[in-house]
Amino acid sequence: MTKASQTLHNRANTPSTETLAKWDRKHQIHPWAAMDDWRGYDNMIVDSAEGIYFWDAQGKRYIDGPGGMWCSQIGYGRREMADAIADQVIKLSYTSPFTNATEPSAVLAKKLAEMAPGDLNNVFFTTGGSTAVDTALRTMQYFNNRRGLPKKKMILAREKGYHGSTYLAHSVTGKERDKSHFDFDTRLVHFLPDVNPYRRPEGTSVAQWCDAKVADLEAAIATLGADKIGAFIAEPILSSGGVIVPPDGYHKRTWDICRAHDILYISDEVVTGFGRLGHWFSSEAVFGIVPDMITSAKGLTSGYLPLGACIISDRVMEQMSGLDEASAFTNGYTYSAHPVSCAAALKNIEIFERENLLEHVREVSPYFQARLAALARFAIVGDARGMGLLGCIEGKAKNLEAERTLGAQIDAACEELGLMVRPLINMAVFSPPLVITKDQIDEMFDILEQALEKVSADVAASAG
């Protein structure tokens, strides 16, 4: 069969869009599916992608505003990524990480240690962000058990923070917990109040708000007892919570308090790592702290394959291992340090370096943020916020029901105009691929402006 006839044969045997949608509704359970109508949803069938764009099954093109799921840093359709993955599959598709090492995993571990700040030189590979967070929290537990401090296990986390879907990661997630019918651990976790400066009381300055948020941490330690608290986990920017940027100085002050009370500081950089703010990691480069652990995933492979990492400081490792008593670190996954995923990460990093993507992000971010800030002129926009190539517009409405309606209207208007955003109640969140150009930034925000103009007119008409 010739290549041309093979192509025609493949097309003839491809299920129709309607058939795929039917199979999807009948058999596939999607993350965060609405269980009261899980067979009634109508998910878009995405057919192909290139650069910052993807096409649906009808051939309509969209800008990928969310960057997949905060992860498509180098963009779609990279032939050299496919080649690197295929080459590694042929050379070595798998070997047990419990007893073996591979060239891709050893080289990647060394690279991550070089990229990470301070003495974070020890890499535990996982399957994604949730398992990286789970590993960090279990490491804290192991750390304090090894030190003879079995009661020092409480975890401080923040409202609106998101850390994953494993039992422990879900337990420390402070995002709309009251709507979850899954179980989670309430004994080990204490949540600090929302740090969003947009939510500060009228008449309160951002500096006063920062003081109050730092005081929240101090009060929690005083109430619970530092001898009971093992870790504080925090996203540098609370991404799924609505791209919440804590006030200036917050991270450094909370890090100082944790260090003074022997509380491990876990920086969840699953979203902010790998260039989103113009640096490999943002903890030290942007916020001036060197955590005890950093969790990463997503941009580590630009979403081409699943991979996560928990990067641990020498200080923590030395205290866990510097004892006479033998003890295994019994944490791990079948697909830890998967050689094909590690090869994808190495190629991803190579592309970053060759194309100077970190410098590119730092160059275009001010323009991106200026276009974002300009959206605040719309009456229906309560806040337009972000940092680097992260952004969020928060709609303003009179109650929760109206906020949900407004968010859905903005989402629908953007989609109709060829832009996908991530809707979160009354918010539209975006984190496009880092390869986005200034012209494409204009294309994206021009669509957002058109969508907001349309929704503003619809809101005014319904009110009148």
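Each value, and the rule that gives it
- Residues numbered from 1 in each chain as written.
- Predicted model: local features only at pLDDT ≥ 70, side-chain atom pairs only at ≥ 80, totals over all residues.
- Heavy atoms only, no water.
- Helix = DSSP H or I, 4+ residues; strand = E, 2+ residues; numbered from the N terminus.
- Polar contact = N/O pair within 3.5 Å; in protein donor to acceptor, adjacent residues only side chain to side chain.
- Pairing = 2+ DSSP bridges.
- Axes fitted to C-alpha atoms, helices over the stretch in contact; angles between N-to-C directions.
- Contact = heavy atoms within 4.5 Å.
- Buried < 20%, exposed > 50% of the residue type's maximum accessible area, 1.4 Å probe, protein only.

J.: I tried to follow the side chain of Ser-283 on my own but got confused; where do I start?
T.: Following the sequence through the fold, Ser-283 ends up in the loop between strand 8 (264–268) and strand 9 (293–296). A polar contact is formed between the side chain of Ser-283 and the side chain of Glu-269, at a distance of 2.6 Å.

J.: Just to check I follow, could you spell out the sheet that holds strand 4 (residues 120–126) for this structure?
T.: Across a sheet, strands are paired by hydrogen bonds formed along the backbone, either parallel or antiparallel in direction. In spatial order, the strands read 4-10-9-8-7-5-6; together these seven strands make up an open sheet with mixed pairing. Looking along the sheet, the strands with just one partner apiece sit at the ends: strand 4 and strand 6 (189–192). Geometrically, the sheet is characterised by an average inter-axis angle of 20° between neighbouring strands, direction not taken into account. Sheet analysis places strand 4 next to strand 10 (residues 308–313), joined by six bridges and oriented antiparallel. Among the inter-strand pairings, Thr-126 is bridged to a residue of strand 10, identified as Gly-308. In the packing of helix 5 (residues 103–115) onto the sheet, contacts are made with strand 4 and strand 10, and the angle to strand 4 comes to roughly 135°.

J.: What should I look at first to understand the sheet that holds strand 14 (residues 422–424) in this one?
T.: The four strands lie next to each other as 11-12-15-14, forming an open sheet whose pairing is antiparallel. Each of the sheet's edge strands pairs with one partner strand only, and the pair in question is strand 11 (381–387) and strand 14. Neighbour-to-neighbour, the strand axes of this sheet turn through a mean angle of 20°, independent of strand direction. Bridge count for strand 14 against strand 15 (residues 427–430) is three bridges, and the pairing is antiparallel. The partner of Pro-423 across the bridge, within strand 15, is Ala-428.

J.: Mind showing me how you'd approach unusual backbone geometry here?
T.: A negative phi angle is the norm for most residues apart from glycine, just as the trans form is the norm for most peptide bonds. The phi torsion at Trp-32 lies on the positive side, around 60°, for a residue other than glycine. For Trp-32, the position within the fold is in the loop between helix 2 (17–27) and strand 1 (46–50). The class for Trp-32 is exposed, based on a relative accessible area of 68%. Here the phi dihedral of Trp-70 falls at roughly 65°; this positive angle occurs in a residue that is not glycine. Residue placement: Trp-70 occurs in helix 3 (residues 67–70). A relative accessible area of 3% means that Trp-70 is categorised as buried.

J.: Looking at this model, I keep getting lost on the pairing of strand 7 (residues 229–234). Mind explaining?
T.: Moving residue by residue along a regular strand, the side chains alternate between the two faces of the sheet. Of all the six residues making up strand 7, six are buried; the element is thus mostly covered by neighbouring parts of the structure. Looking at chain direction, strand 5 (residues 154–158) and strand 7 are connected through three bridges and run parallel. For Ile-155, the partnering residue across the bridge sits in strand 7 and is Ala-231. Sheet analysis places strand 7 next to strand 8, joined by four bridges and oriented parallel. The residue of strand 8 that forms the bridge with Ile-233 is Ile-266.

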